[in-house]
Amino acid sequence: MQHSLSTVFLDRATLDLGDLDLRALEAACASLTSYPGTTPEQALERLAGQQVAITNKVVIDRAMMQANPQLKLILIAATGTNNVDLQAARELGVVVCNCQAYGTPAVAQHTLMLMLVLITRFESYRQAVRDGAWQRSSQFCLLDYPIGELSGRTLGILGYGELGQAVGRLAEAFGMRVLVGALPGREQAGRPALAELLPQIDVLSLHCPLTEQTRDLIGAQQLALMKAGSLLINTGRGGLVNETALAAALRSGHLGGAACDVLSAEPPAEGNPLLDDSLPNLVITPHSAWGSREARQRIVGQLEANLCSFIAGAPQRQVNC
């Protein structure tokens, strides 16, 4: 097969840390020009003359597409499509394809890790050893912080696609009972509504997309419905949780702990209420749940497959049909 499409990767450093094999992707392109990152001001110039654009977080809007009529294909090196104007691409005849389900094992294990860190008070004990508390102990062990078990507890999941199901399987392996809640605005037979789900569960894990219906899905009212001492895990999208309300629920002691891999603005701006070091039993990870080498290599494989399927006339994972 002859490959005749020149390609630019606008923000390769968001994906490749120098540890990935890009040979198959490079072979599928007539040429591949890569930039570690691209500012909005640079994007228009770097798209010039290119038939394929690969982007993770660089915005490609209508004006950029109109200024580059030779652009045929946009490959998103992620699942989210909010950085590309899909309607403009459809109207201008540009195919847009994303990557899907590449991070399921990585995000699922990260979710369980966060649960374990919270319920075992891992960070508190780690800091106690660093501070010398164990060394000063009058007995062989230090049990200053209450340790719980996942076994026998009930996990509520919102968003039960491939990722939510993977988390459910891992939770069941730890002896947890899994309840799947209904998302707002969806008819989901057999799944309790949010107000019915929250009082029944010990841990809530979020895996749903961020839409107008799910923005601030978990606010002060919903947190108040959760059991005293329960845990909240968010590896979905930052906007699913009202961060001010979450900080208040932690400070009051009503919530036993929370862990977030995502925040409403990323990288987080100063003043985010969840970046206050005084919040008890809160764990923040820097949107890193998806980032295993294996998951990132799967993205490369999907980029190459998406490009080759487009060249063959049968685009796959197209998001602007």
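Predicted model only: the values in this text are computed from it and were never measured.

Next up on the list: the nonpolar core. It is characteristic of soluble globular proteins that their nonpolar side chains tend to be buried jointly. Counting 45 residues, the largest nonpolar core has M65, I74, L303 and L307 as its most contacted members. Those elements giving two or more residues to this core turn out to be β1 (6-9), α2 (40-47), β3 (52-55), α3 (62-67), β4 (73-76), α4 (86-92), β5 (95-97) and α11 (293-311). M65 has contacts with I60, L71, I74, V84, D85, A88, A89, L92 and V94, leaving out every residue within four places of it along the chain. Judged by nonpolar contacts, the second largest core, of 29 residues, contains L197, L206, L232 and L282.

This brings us to unusual backbone geometry. Here the bond from E266 into P267 is cis, since omega is -5 degrees, no more than 30 degrees from zero. You can see P267 is positioned in the loop between β10 (257-260) and β11 (282-284). A positive phi angle, near 50 degrees, is found at N281, a position not held by glycine. With phi around 50 degrees, H287 is a residue other than glycine that occupies positive phi space. Within the secondary structure, H287 is located in the loop between β11 and α11. Take H287: its relative accessible area is 28%, and that puts it in the partly exposed class.

What follows covers the side chain of N272. Relative to the helices and strands, N272 resides in the loop between β10 and β11. Assessed through its relative accessible area of 10%, N272 is described here as buried.

This part takes up the sheet that holds strand β6 (residues 154-158). Spatial strand order, β7-β6-β8-β9-β10-β11: six strands in an open sheet with parallel pairing. Each edge of the open sheet is held by one strand with a lone partner, namely β7 (177-180) and β11. Averaged over all pairs of adjacent strands, the angle between strand axes in this sheet comes to 15 degrees, irrespective of strand direction. For strand β9 (residues 231-234) and β10, the ladder comprises four bridges, and the chain directions are parallel. Bridging from a neighbouring strand, I233 pairs with A259 of β10. Along the sheet, helix α5 (residues 104-119) makes contact with β6, β8 (203-206), β9, β10 and β11, crossing β9 at roughly 150 degrees. The sheet contacts of helix α10 (residues 243-252) involve β9, β10 and β11, and relative to β10 the element is tilted by about 145 degrees.

Moving on to the sheet that holds β5. Read across the open sheet, the five strands follow the order β2-β1-β3-β4-β5; overall the sheet is parallel. Edge positions in the sheet fall to β2 (31-34) and β5, since each of these pairs with one other strand and no more. The mean inter-strand angle of the sheet, taken between neighbouring strand axes irrespective of direction, is 15 degrees. In this structure, β3 lies alongside β4, joined through four bridges in parallel fashion. Pairing of V52 across the sheet is with L73, part of β4. Together, β3, β4 and β5 form the strand contacts of α11, whose direction differs from that of β4 by roughly 160 degrees.

Mapped onto the secondary structure, A24 falls in helix α1 (residues 23-27). Sequence separation between A24 and D11 is 13 residues; the distance between their C-alpha atoms is 18 Å.

Taken as a whole and judged by the stated rule, the model has seven salt bridges. Note that D21 and R23 form a salt bridge whose closest N and O atoms lie 2.8 Å from each other. With a relative accessible area of 36%, D21 lands in the partly exposed category.

Given 3.6 residues per helical turn, the α-helix brings residues three or four places apart onto the same face. All buried positions along α10 are accounted for by E243, A245, L246, A247, A249 and L250. Tucked into the core, α10 has its buried residues touching α9 (220-225), β9, β10 and β11. The backbone nitrogen of T244 lies 3.2 Å from a side-chain oxygen of the residue at the head of α10, namely N242. Just downstream of α10, G253 is the residue with a positive phi angle, here 90 degrees.

Another aspect to go through is the packing of aromatic side chains. The full count for this structure, using the stated rule, is two aromatic pairs. Measuring from centroid to centroid gives 6.5 Å for Y102 and W290, while their planes differ by 85 degrees, and the two rings are edge-to-face. Of this pair, Y102 sits in the loop between β5 and α5 while W290 sits in the loop between β11 and α11, and the two are 188 residues apart along the sequence. What makes Y102 buried here is its relative accessible area of 10%. Across the ring face of Y35, the terminal group of R46 is positioned such that the distance to the ring centre comes to 3.8 Å.

With that settled, the discussion passes to the side chain of Q51. Structurally, the position occupied by Q51 is in the loop between α2 and β3. Its relative accessible area of 19% is what places Q51 among the buried residues. Within polar-contact distance, the side chain of Q51 engages the backbone nitrogen of S6 at 3.0 Å. The contacts of Q51, once residues within four sequence positions are left out, are S4, L5, S6, Q70, L71, K72 and L73.

Calculation rules
Residues numbered from 1 in each chain as written. Predicted model: local features only at pLDDT ≥ 70, side-chain atom pairs only at ≥ 80, totals over all residues. Heavy atoms only, no water. Core = buried A, V, L, I, M, F, W, Y, C linked by side-chain atoms within 4.5 Å. Buried < 20%, exposed > 50% of the residue type's maximum accessible area, 1.4 Å probe, protein only. Helix = DSSP H or I, 4+ residues; strand = E, 2+ residues; numbered from the N terminus. Contact = heavy atoms within 4.5 Å. Pairing = 2+ DSSP bridges. Axes fitted to C-alpha atoms, helices over the stretch in contact; angles between N-to-C directions. Salt bridge = Lys/Arg side-chain N within 4 Å of Asp/Glu carboxyl O. Polar contact = N/O pair within 3.5 Å; in protein donor to acceptor, adjacent residues only side chain to side chain. Phe/Tyr/Trp six-rings, centres within 6.5 Å; stacked < 30°, edge-to-face > 60°. Lys NZ or Arg CZ within 6 Å of the ring centre and 35° of its normal.

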